[in-house]
Amino acid sequence: MMDMSLYTAFLVTAFALCVSPGPDMMFIVAMGGRGGPAAGMMAALGVSGAMLVHTIAAALGLSALFTHLPVLYHVLRWVGAGYLLYLAVKAFRDRSAPGGERTAPGGVGLRRAFWQGAVTNLLNPKVILFNAAFLPQFADPSLGHLPGQLLLLGGTLTAMGLVCDGCVGLLSGRLAHLLRRSSRVNRWLNLVSGTVFTGLAVRLAVTSPEQP
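In what follows, the accompanying structure is described. (Residues numbered from 1 in each chain as written. Predicted model: local features only at pLDDT ≥ 70, side-chain atom pairs only at ≥ 80, totals over all residues. Heavy atoms only, no water.)

## With respect to unusual backbone geometry
A positive phi angle is found at His145, which is not glycine, with a value near 55 degrees. As for its position among the elements, His145 is in the loop between α7 (125–134) and α8 (146–179). (Helix = DSSP H or I, 4+ residues; strand = E, 2+ residues; numbered from the N terminus.)

## Digging into the packing of helix α2 (residues 23–35) against helix α6 (residues 110–122)
Between α2 and α6, whose axes approach to 11 Å, the crossing angle comes to 160 degrees. Judged on the interaxial angle alone, α6 and α2 are roughly antiparallel. The two elements α2 and α6 cross, and the hand of that crossing is right-handed. Of the residues in α6, those touching α2 at Asp24, Phe27 and Met31 are Ala113, Gln116, Gly117, Thr120 and Asn121. (Axes fitted to C-alpha atoms, helices over the stretch in contact; angles between N-to-C directions. Parallel < 35°, antiparallel > 145°, perpendicular 65-115°, else oblique. Left-handed = near helix turned anticlockwise from the far one by under 90°. Contact = heavy atoms within 4.5 Å.)

## With respect to the packing of aromatic side chains
This model, assessed by the stated rule, comprises 8 aromatic pairs. Seen in terms of ring centroids, Phe27 and Phe197 are 5.4 Å apart; in terms of plane orientation they differ by 45 degrees. Their pairing is tilted. One end of the pair, Phe27, is in helix α2; the other, Phe197, is in helix α9 (residues 183–206), and 170 residues separate them in sequence. Across the pair, exposure class does not vary: Phe27 and Phe197 are buried alike. By the ring-pair criterion, three or more aromatic residues cluster together here, those being Tyr7, Phe10, Phe130, Phe134 and Phe138. (Phe/Tyr/Trp six-rings, centres within 6.5 Å; stacked < 30°, edge-to-face > 60°. Buried < 20%, exposed > 50% of the residue type's maximum accessible area, 1.4 Å probe, protein only.)

## Some words on helix α1 (residues 4–19)
Taking 1.5 Å of rise per residue, 16 residues should cover 22 Å, and α1 covers 23 Å from first to last C-alpha, within 8% of that figure. Of all the residues in α1, the buried ones are Tyr7, Phe10, Ala14 and Cys18. Angularly, the buried residues of α1 cover 60 degrees about the axis, an arc narrow enough to put them on a single face. Those residues of α1 that are exposed and aimed more than 90 degrees away from the buried face are Ser5, Val12 and Phe15. Contacts from the buried residues of α1 go to α2, α7 and α8. (Expected span 1.5 Å × (residues − 1). Arc of directions from axis to C-beta.)

Everything listed here is a matter of geometry and, on its own, says nothing about what the molecule does.
In structure tokens, the structure reads:
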């Protein structure tokens, strides 16, 4: 079903993409900084879950809607930017102390960390366009089963991203967990996280579909 030479090239390219810092990785670092290693890992799982949704959309051809309906792209872009600003305000105003089993040290619920990671990725139309443009380059229509090929490629990219982002989330969260013993440092980490969320919101709001 797959051209192995194309798949090998895809693995190399996907690995380079996964280890390169990007918006998703910055978001996961910020979540780990706010909530500790568990929150960082849950945010990575949320992002990976959203990537699977994007993969299915690309395999079904739903991503083409953004080409035919540009307004849909801009609506989703502004909603995503607004959501990131909402997270930034919450981080700036956070004064919470360590919680219980289901709450990470910065007051970030683990279930909430997962959904915030998923929603942030789902509301980024650039991710949708990227999957629609990137995955087909490594599929061979002459072999048939094109949706299956796209699902395999997208699933591989998602798994690689989860391993990389999960490690980043755990490491950033572990460091933040150690630093949060100081209330002053705890406040500083929330400010840094809020600044990261704000920067991601501005980046999403000002970039055009043609920009990476």
